[in-house]
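# Structural overview for review
Okay, here's what each chain looks like letter by letter:
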Amino acid sequence: MPPPHRPGDADDQAPPTAHLEAALRTVYAAVPVDFMAVRKALVAEAKADGDTQGAAAIGKLRKPSTAAWAVNLLTRGEPGLVEELVDLGVRMRTAQSRLDTATLTSLRPERDRVVAGVVAAAARLVADTGRTLSAAAQDDVRGTVIAALADEQASSAVTSGQLTRALSYSGFGEVDLSEAVVRTSSGSILSVVRGGTRGGPDRAHAPQGPDGADSGGDDGADDGGEDQDEATHEQDAAALLAAAEAELEAAVTALSSAQESVAAAREHAEETRERVGVVERQLAKAREADERALEAVTDAVRARKEAEAARRTAEEALTRLRAEAQD
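To start, this report covers the structure provided alongside it. Since the model is a prediction, treat every value here as computed from it, not as a measurement. All residue numbers refer to positions counted from 1 along the written sequence of the respective chain. Where totals are concerned, whole chains, interfaces and linings use all residues; where local detail is concerned, this predicted model gives features only for residues with pLDDT of at least 70, and gives and counts side-chain atom pairs only at 80 or more. Each side-chain value is derived from all of the structure's non-hydrogen atoms; neither hydrogens nor water enter the calculation.

Summing up its helical and strand segments, the chain has 9 helices and 0 strands in all. Residue pairs at least 24 apart in sequence account for 64% of intrachain contacts in the chain once pairs closer than 6 positions are excluded. Residue-level accessible areas treat just the shown protein chains as cover; the underlying method is Shrake-Rupley with a 1.4 Å probe. Only carbon and sulfur atoms are counted for the fraction: they give 54% of the accessible area of the chain, which is about 20300 Å². For helices the rule is a DSSP run of H or I covering at least 4 residues; for strands it is a run of E covering at least 2, with both sets numbered from the N terminus onward. The criterion used for residue contact is that any of the two residues' heavy atoms lie within 4.5 Å.

Structure representation (structure tokens):
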């Protein structure tokens, strides 16, 4: 079952603008530390071209975690390996649906090889950018790969190249894709299913006389009372439906606002971590400079002591020479 549509996703842009499509290809290939600057430039470009809809959508794009960025790099840099992953996932899910344990067991070595290969390739692609994929991030990549093998929607999310966070599979049920991908081609829009009118028995099936009138009831007064009761039921149903739709709209609005707050908080946290990283690097450099300065002070003190000793030796020699000269 496709995941429900979430307000704020790029699916809200129907159809997505050319600027948004280009931005999706660009911004999720950028190094995370450059994400904000790249997104800001793409927003400005869309605005300059008069694409306000695209600019608004681009401005809402969420920054990927390091592991998600590594997987996005993989879809761009190792398409063959990604195709192998997708094919293996199809075969594993087919065997699972048929309860074919023999096939699942035979696929285990291939599964282990593909998972290890994907993690290694992701680490290599990150290294090519001059960065290192930490052990924790590699674990997140491994979890994402396992989720893609187990769940078709997770596989589509991975191959989109637009992951914003790592995925995980608990061993049962569907993979949680909330706020994990910008858009998927198979995503569905949540809709309200309109039910039938609630009320009493269906009068279309009531017994009729030869002239087509209802044979039930003694006179027109009874028919009028039934019609009034049915009208009241319909009004009540319409009122309940209107109230339910209003509650749904309010819930959707609240959800959208909450998701925007979460996205903003995550971006702020990322920026804070980046600033902390900068400060830590500066502190490390300052400590190295302090150590070098202490070494220089030590060398200077040693040189001063040696100079003082040499001066005393020279003074003593001069004093002896003067004494000898007087004798």
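From this point on, the discussion continues.
A few words on the nonpolar core. We define the nonpolar core as a collection of buried residues of types Ala, Val, Leu, Ile, Met, Phe, Trp, Tyr and Cys that are connected through side-chain atoms lying within 4.5 Å of one another. Exposure is judged per residue with a 1.4 Å probe applied to protein chains only, and the accessible area is read against the type maximum: over 50% gives exposed, under 20% gives buried, and values in between give partly exposed. In this structure, Leu74, Leu133, Val141, Leu163 and Leu167 are the most contacted members of the largest nonpolar core, which totals 39 residues. Of all elements in the fold, only helix H4 (66-77), helix H5 (79-97), helix H6 (101-128), helix H7 (135-150) and helix H8 (152-159) reach the threshold of two or more residues within this core. The element contributing the most residues to this core is H6, with 9 residues. Among the nonpolar cores identified, the runner-up in size contains 14 residues, and Leu20, Ala23, Ala55 and Leu61 belong to it.

This part covers the packing of H4 against H6. A fitted line through C-alpha atoms serves as each axis, taken over the contacting stretch for helices, and the angle formed by two N-to-C directions is quoted from 0 to 180°. Contact geometry of H4 with H6 gives a least axis separation of 9 Å together with a crossing angle of 95°. With respect to H6, the element H4 is oriented roughly perpendicular. Contacts between H4 and H6 involve Trp69, Ala70, Leu73, Leu74 and Gly77 from the former and Val118, Ala121, Ala122, Leu125 and Val126 from the latter. By residue class, the composition of the contact of H4 with H6 is 9 nonpolar, 1 polar and no charged. By the definition adopted for this analysis, an angle is roughly parallel if under 35 degrees, roughly antiparallel if over 145, roughly perpendicular if from 65 to 115, and oblique otherwise. Just so you know the grouping, Ala, Val, Leu, Ile, Met, Phe, Trp, Tyr, Cys and Pro go in nonpolar, Asp, Glu, Lys and Arg go in charged, and all remaining residues, Gly too, go in polar.

In this section: the layout of surface pockets. The definitions used throughout rest on a 1 Å grid laid over the protein atoms alone, on which a cavity is an enclosed set of points accommodating a 1.4 Å probe that cannot get out and a pocket is an open set flanked by protein within 12 Å on both sides along at least five of seven lines; lining residues are those having an atom within 4 Å of a point. Grid points are joined across faces, edges and corners, and a volume is the space filled by probe spheres set on the points. The calculated volume of the largest pocket comes to roughly 490 Å³. What lines the largest pocket is a set of 21 residues, and nearest its centre among them are Pro32, Val33, Thr66, Arg131 and Glu274. If you list the elements that add at least two residues to the lining of the largest pocket, you get H4, H7 and helix H9 (220-326). The dominant element in the lining of the largest pocket, judged by the number of residues it contributes, is H9, at 6 residues.

Right, let's get into the pattern of salt bridges. Salt bridge, as used here: a side-chain nitrogen of Lys or Arg that lies within 4 Å of a carboxyl oxygen of Asp or Glu. Using the criterion set out here, one finds 9 salt bridges in the structure. As a salt-bridge pair, glutamate 78 and arginine 124 come within 2.7 Å of each other at their nearest N and O atoms. Placement of glutamate 78 in the loop between H4 and H5 and of arginine 124 in helix H6 is noted, with a sequence separation of 46 residues between them. Since its relative accessible area comes to 24%, glutamate 78 is described here as partly exposed. What you see here is one network of salt bridges that share partners, running through Asp87, Arg91 and Glu110.

We call Phe, Tyr and Trp rings a pair once their centres come within 6.5 Å, taking the six-membered ring for Trp, and we label the pair stacked below 30 degrees between planes, edge-to-face above 60, and tilted otherwise. Overall, the coordinates contain 1 aromatic pair when judged by the stated rule. Their ring planes at 50° and their centres at 5.8 Å tell us that tyrosine 28 and phenylalanine 35 sit as a pair that is tilted.

On to the packing of H7 against H8, then. For the pair H7 and H8, the least separation of the axes is 5 Å and the interaxial angle reads 130°. Between H7 and H8, the angle is such that the two are oblique. For the pair H7 and H8, the crossing hand works out as left-handed. Residues Thr144, Ala147, Ala148 and Ala150 of H7 form the contact with H8, whose participating residues are Glu152, Ala154, Ser155 and Val158. Among the residues making up the contact of H7 with H8, the classes are represented as 5 nonpolar, 2 polar and 1 charged. Handedness of a crossing follows from how the near helix is turned relative to the far one, being left-handed for an anticlockwise turn of less than a right angle and right-handed for a clockwise one.

Attention shifts here to H8. Of all the positions in H8, only Gln153, Ala154, Ser155, Ala157 and Val158 are classed as buried. Check the buried side of H8 and you find it contacts H4, H5 and H7. N or O atoms closer than or at 3.5 Å make up a polar contact, with two conditions inside protein: a donor-capable atom paired with an acceptor-capable one, and, for residues adjacent in sequence, both atoms drawn from side chains. With a side-chain oxygen positioned 3.0 Å from the backbone nitrogen of glutamine 153, the residue opening H8 is aspartate 151.

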